[in-house]
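An overview of the molecular structure
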Amino acid sequence: MKKKIFIFFLVLAGVILNLFSFKDDLYTELIVNTHNNVDFTDIYIIYSNINYSKIKSYTLTSSKPKVSNKTFVPYSEGFIPNAAYRQYKKAFLQNNEDFSMMFQDYYESGDFVYFAFPGDLSSFRVLNRTTDEIKQLIIDESTHLSPMYVSHMQQVGDQLIILAGQAHAYNALIYTVDLPTLKVTSSKQLETHPSALGGTHFTLTSDGIALFIAGDKLQVYNPFTDVESFIPLPFTTTGVISQAHTTLVYGEQDGVLYTSVLDASFNLSPMHTARFPSSSCKLIDLSIKGNTLFIATVDPLGLRFRNYISGYDLSTGQLTYCLGIEDASPFMLMAIE
């Protein structure tokens, strides 16, 4: 009898351990792969438990995810490689500056890393990762300052464009910084539409142009000329993303993804529609790699798989890749990087 009780508790302990451990080898099924030349270089999918105390990353391949040796830690807008986080934290501590995972955003460019911390622009910091020196921005008294949430930065030549949402207001704050001097040369408080609430609702292009969802239009602001304009949208837009030299507006509704690419002249390509792998799928995250739009979705009903990673050809809207991934509860797919 004692032996049976011992075996029972041993099995129970194994079940509990399995529940709170992370399976390295997730069961997956390749559903679609129409183009063997899809580029999977540096595409990561990131899982985490609910309190972000354990994070696991996978590299994406043409057949299935592979466990990555690259580890990540969370920050306000996403995930940062652990090695970079440790390096930056060490530099801040050496300069008697506070550093935590709660910085709003960071942007790496050459030898410099730009950090936005909670508060207004006075909390902004610039790290020279060659010398580990940290500097502040030079801000005139005439510069408009308000509590804000920075979600996008873009270097254009010797200038850095900072895009933030003003706290408790339907306004964006756009700053231009002269990088050789770190002087803030211009600031703009721009009224935005109530539909532009978060970081996925606005972006900066590679040329530093700010874009915002504005109901049935796309609001465009050029910080170099201080000119504002609007572009009609062909569908209800839920997000806008700009990576490398590709800018995409997209909409998600009833299991259908609507997409249109914005070119350098601010013309929208013909609208493409594509169905999610399941009608009950919801969008988690998306990333652009070359001419492929990768999206991560969750199926709350989980009739076949809990998660899907899908790839769409940006030129045609065609589904070129789809991978179903089993439920990894209590861990969740959080991001595709």
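A brief look at the structure comes next. (Residues numbered from 1 in each chain as written. Predicted model: local features only at pLDDT ≥ 70, side-chain atom pairs only at ≥ 80, totals over all residues. Heavy atoms only, no water.)

1. Describing empty space enclosed by the protein
Unoccupied space between atoms shows up once a probe the size of one water molecule is rolled over them. Selection rule: A 1.4 Å probe that fits but cannot get out identifies a cavity on a 1 Å grid over protein atoms alone, an open set with protein on both sides within 12 Å along at least five of seven lines counts as a pocket, and a residue lines either if it has an atom within 4 Å of a point. Grid points are joined across faces, edges and corners, and a volume is the space filled by probe spheres set on the points. Residue type decides the class: Asp, Glu, Lys and Arg count as charged, Ala, Val, Leu, Ile, Met, Phe, Trp, Tyr, Cys and Pro as nonpolar, and the leftover types, Gly among them, as polar.
Using the criterion set out here, one finds one cavity of 30 Å³ or more in the structure. One number sums up the size of the largest cavity: a volume of about 30 Å³. If you go around the largest cavity, the residues you meet are Thr259, His272, Leu293, Tyr312, Asp313, Leu314 and Gly317. Grouping the constituent residues of the lining of the largest cavity by class yields three nonpolar, three polar and one charged.

2. Here's the deal with the pattern of salt bridges
The condition that has to hold: Any carboxyl oxygen of Asp or Glu that lies within 4 Å of a side-chain nitrogen of Lys or Arg is treated as forming a salt bridge with it. Strands here are runs of E lasting at least two residues and helices are runs of H or I lasting at least four, both read from the DSSP assignment and numbered beginning at the N terminus. Relative accessibility decides the category of a residue: with a 1.4 Å probe and only protein chains considered, values under 20% of the type maximum give buried, values over 50% give exposed, and everything between is partly exposed.
A complete count under the given rule lists six salt bridges for this structure. For Glu29, the salt bridge goes to Arg304, with nearest N and O atoms at 3.0 Å. Here the residue Glu29 occupies a position in strand β1 (residues 28-33), and Arg304 occupies one in the loop between β24 (292-298) and β25 (307-313), the gap between them amounting to 275 residues. Taking relative accessible area as the criterion, Glu29 reaches 29% and is therefore assigned partly exposed. A salt bridge links Glu108 to Arg129; its shortest N-O distance comes to 3.6 Å. On the criterion of sequence distance, the pair formed by Glu108 in strand β7 (residues 105-109) and Arg129 in the loop between β9 (125-128) and β10 (133-136) is long-range, its members being 21 residues apart. According to the relative accessible area criterion, Arg129 is partly exposed, its value standing at 26%.

3. Topic: the sheet that holds β25
Condition: Each pair of strands is called paired provided DSSP finds at least two bridges between the two strands. Between N-to-C directions, angles cover 0 to 180 degrees, with each direction set by a line fitted to C-alpha atoms, over the stretch in contact for helices.
Spatially, β1-β26-β25-β24-β23 is the arrangement adopted by the five strands of the open sheet, whose pairing is antiparallel. With one partner strand each, in any of the chains shown, β1 and β23 (282-289) form the two edges of the open sheet. Direction aside, neighbouring strands of the sheet carry axes that sit 15 degrees apart on average. For β1 and strand β26 (residues 319-325), the ladder comprises five bridges, and the chain directions are antiparallel. For Glu29, the partnering residue across the bridge sits in β26 and is Gly324.

4. Concerning the packing of aromatic side chains
So the rule is basically this: Think of it this way: a Phe, Tyr or Trp ring, Trp meaning its six-membered ring, pairs with another when their centres are within 6.5 Å, and the plane angle makes it stacked under 30 degrees, edge-to-face over 60, tilted otherwise.
Across all of its chains, the model carries 25 aromatic pairs by this definition. Taking 5.7 Å as the distance between ring centres and 70 degrees as the angle between the ring planes, the aromatic pair formed by Tyr44 and Phe72 counts as edge-to-face. Note that Tyr44 is positioned in strand β2 (residues 44-48) and Phe72 in strand β5 (residues 72-75), a separation of 28 residues in sequence. One exposure class covers both Tyr44 and Phe72, and it is buried. Clustering of aromatic rings is evident, with ring pairs tying together Tyr75, Tyr85, Tyr88, Phe92, Phe99, Phe103, Tyr106, Phe115 and Phe117.

5. With respect to unusual backbone geometry
Residue Pro330 is reached from Ser329 by a cis peptide bond, and omega for that bond is 10 degrees. Inspection of the secondary structure puts Pro330 in the loop between β26 and β27 (332-336). Phi is positive for Tyr52, which is not a glycine, with a value near 60 degrees. Note on placement: Tyr52 falls in the loop between β2 and β3 (55-59).

6. A closer look at the layout of surface pockets
Approximately 1,700 Å³ is the volume attributed to the largest pocket. As for the largest pocket, its lining consists of 47 residues, of which Tyr75, Glu77, Gln243, Ile336 and Glu337 are closest to the centre. No other element matches β23, which puts seven residues into the lining of the largest pocket. Here the lining of the largest pocket is built from residues that sort into 23 nonpolar, 15 polar and nine charged.

So yeah, pure geometry; function would need other evidence.
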